[in-house]
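What follows is the residue order along each chain.
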Number of protein chains: 2
Amino acid sequence: MTSSIVEEIRLSQGPVDLASRETDAAPGFTGKKADGKAALAAMADELADLQERLWAERTAGSERRVLLVLQGMDTSGKGGTLRHTVGLVDPQGVRITSFKAPTEEELAHDFLWRVEKAVPSPGYIGVFDRSHYEDVLIAKVRNLADPAEIERRYAAINDFEERLVEGGTSVLKCMLHISVDEQKDRLQERLDNPEKHWKYNPGDLDERALWDDYRTAYEVALERTNTEAAPWYVVPADKKWFRNLAVGQLLLETLRGMDLRWPVAEFDVNAEKSRLAEEASLR
Amino acid sequence: MTSSIVEEIRLSQGPVDLASRETDAAPGFTGKKADGKAALAAMADELADLQERLWAERTAGSERRVLLVLQGMDTSGKGGTLRHTVGLVDPQGVRITSFKAPTEEELAHDFLWRVEKAVPSPGYIGVFDRSHYEDVLIAKVRNLADPAEIERRYAAINDFEERLVEGGTSVLKCMLHISVDEQKDRLQERLDNPEKHWKYNPGDLDERALWDDYRTAYEVALERTNTEAAPWYVVPADKKWFRNLAVGQLLLETLRGMDLRWPVAEFDVNAEKSRLAEEASLR
């Protein structure tokens, strides 16, 4: 029932028109909200098993790891995806990095400097909550770098990600795609509910006023960096349950595709069994 | 039903005799395994709510945070506690650090140097899987430092933790207490099940042979560092479900005791509502 979600959300090559892509759909899934939540819950055991195999593999020298990049406009649900989908797996094997506005020190380096330091180690599922893509999104919209530098970055990102993939990292890039109306509802909710005031920042409305510029910047970034090695997935994200399910399914299918095996013991199992049996009189 | 688990596991002042403390008990809890699992699951929502408040608070400048230290012999279930108890809360707000044998660079510094770098930032629940206590446990048993240096470390740890507490960190120190027989069963299981071979290391049996030395080292460390500011909890850990429940209950009561409030908006809520309403014609 859920097997084609990943095919549906995978971005095909060529120009990107976000306005033509539905934000409130559930492509590849025929169920309703309750079915979607059940489907996500149902994948928890297999996800946990596969993650443990990935984690185990590193002890035998495997270099494999996963990097999940989450991008999207304010309120698109990066935090919710972390809580509900990434939260399904063992936190020991997860490393989440939230990228904020770069510090002065970070600005004094190449834009990938701070990103490089956050790439996951073998065995981990690394998650970027925002990422190096901000350096071709807000940086472009807000003119934080000159056009030639922005232009240079698309190729630099592709080179960087290709290098990650060659080093054993599965790179999954998700753009959580919401409509301008859905964002309004979510901002309204943050204003209406005092328990959500902390999530609201007056600057959010300034960014929102640039919605069209951001959409254009996303379209360019998606097209320019939608590589074979590290393709983009555009996740319809107005329905929170579908967003969570789609990212979960992508993670699940990625791990399935890695053919993860339990490492074979590098010690003599029978000899160790004998040692353990013989010290039975330890106490 | 679970209200006194925390009182039961809290270590009282004075000499510590681990042999006299039960490892397979469920102090403060009258239910069975299924009840314990249900009780842990039942606290998930409140834990998540309280953690989000802690996370929210930091946006208003709060310095508060939590540090959960997990110590215990091999197989005592530090990893399982991370998966089942720490795994209940939003991974965004959790930072887990696993302390391995120190590197050459780390050894060239004071023993607290690497620990200092891992303390949680405001809003976070930090978890140490092993910790600075290894520097008075394995370091003592294996003579990795001379006796005067080991002796110095107890006070240094107390000073360090007191400073953390003064800076807004709630420090929770749990010793996961298993019996020597339970460890044998768990090592046997790792040898019998090929899917668990990766968790087994022949060195585990060498450490096991020093069980009594470790117990003594623990007793000294627990007694010397069981401060008012950062007390120890000795968690009977032969029953995995009780171990998970007890650590969860400790975390829950700690967060409850912090009286966590949603931050009050520092912006003009009505003015922002008007701004949002007025740009209704954005699209």
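Residues numbered from 1 in each chain as written. Chains lettered and ligands numbered in written order. Predicted model: local features only at pLDDT ≥ 70, side-chain atom pairs only at ≥ 80, totals over all residues. Heavy atoms only, no water.

Caption draft 1: Just the relation of the copies chain A and chain B, in detail. Placing chain A over chain B gives an RMSD of 0.0 Å and needs a rotation angle of 180°, together with 0.0 Å of translation along the axis. Expressed as an axis order, the relation between the two copies is that of a two-fold axis. Relative to the rotation axis, the closest C-alpha in chain A is found at Pro-91 of chain A, a distance of 3.2 Å. (Least-squares fit on C-alpha atoms with pLDDT ≥ 70 in both.)

Caption draft 2: Seen up close, empty space enclosed by the protein. Evaluated as defined, the whole model comprises one cavity of 30 Å³ or more. Here the largest cavity defines a volume of roughly 40 Å³. What lines the largest cavity is simply Val-86, Gly-87, Val-89 and Pro-91 of chain A together with Val-86, Gly-87, Val-89, Pro-91 and Val-94 of chain B. Of the residues belonging to the lining of the largest cavity, the class tally is seven nonpolar, two polar and no charged. (1 Å grid on protein atoms, 1.4 Å probe; cavity = no way out; pocket = protein on both sides within 12 Å on 5 of 7 lines; lining within 4 Å. Points joined across faces, edges and corners; volume = space filled by probe spheres on them. Nonpolar A, V, L, I, M, F, W, Y, C, P; charged D, E, K, R; others polar.)

Caption draft 3: Fine view of the interface of chain A and chain B. At the junction of the two partners, chain A supplies 48 residues and chain B supplies 48 residues. For the interface between chain A and chain B, the tally reads ten salt bridges. Arg-83 of chain B is the salt-bridge partner of Asp-90 of chain A, the closest N and O atoms lying 2.9 Å from each other. Viewed at the interface, chain B and chain A are joined by ten residue pairs in polar contact (both at pLDDT 80 or more). Going through the elements one at a time, helix H3 (44-57), helix H4 (78-84), helix H9 (180-192), helix H10 (203-208), helix H11 (211-224) and helix H13 (269-278) of chain A are the ones with two or more residues in the side of chain A that touches chain B. (Contact = heavy atoms within 4.5 Å. Salt bridge = Lys/Arg side-chain N within 4 Å of Asp/Glu carboxyl O. Polar contact = N/O pair within 3.5 Å; in protein donor to acceptor, adjacent residues only side chain to side chain. Helix = DSSP H or I, 4+ residues; strand = E, 2+ residues; numbered from the N terminus.)

Caption draft 4: Expanded view of helix H9 (residues 180-192) of chain B. Across its 13 residues, H9 of chain B extends 18 Å between first and last C-alpha, which sits within 8% of the 18 Å expected from 1.5 Å per residue. Taken residue by residue, H9 of chain B has Val-180, Glu-182, Gln-183, Arg-186, Leu-187, Arg-190 and Leu-191 of chain B as its buried positions. Of the surrounding elements, those touching the buried residues of H9 of chain B are H13 of chain A together with helix H10 (203-208), helix H11 (211-224) and helix H12 (240-257) of chain B. (Expected span 1.5 Å × (residues − 1). Buried < 20%, exposed > 50% of the residue type's maximum accessible area, 1.4 Å probe, protein only.)

Caption draft 5: Up close: the packing of aromatic side chains. Applying the stated criterion to the full structure yields twelve aromatic pairs over all chains. Ring centres 6.1 Å apart and planes at 90° place the aromatic pair Trp-241 of chain B and Phe-242 of chain B in the edge-to-face group. Overall, the relative accessible area of 0% leaves Phe-242 of chain B in the buried class. Among the aromatic residues, ring-to-ring pairing joins Phe-29, Trp-241 and Phe-242 of chain A into one connected group. Positioned above the aromatic ring of Phe-111 of chain A is the side chain of Arg-153 of chain A, whose terminal nitrogen or guanidinium carbon lies 4.9 Å from the ring centre. (Phe/Tyr/Trp six-rings, centres within 6.5 Å; stacked < 30°, edge-to-face > 60°. Lys NZ or Arg CZ within 6 Å of the ring centre and 35° of its normal.)

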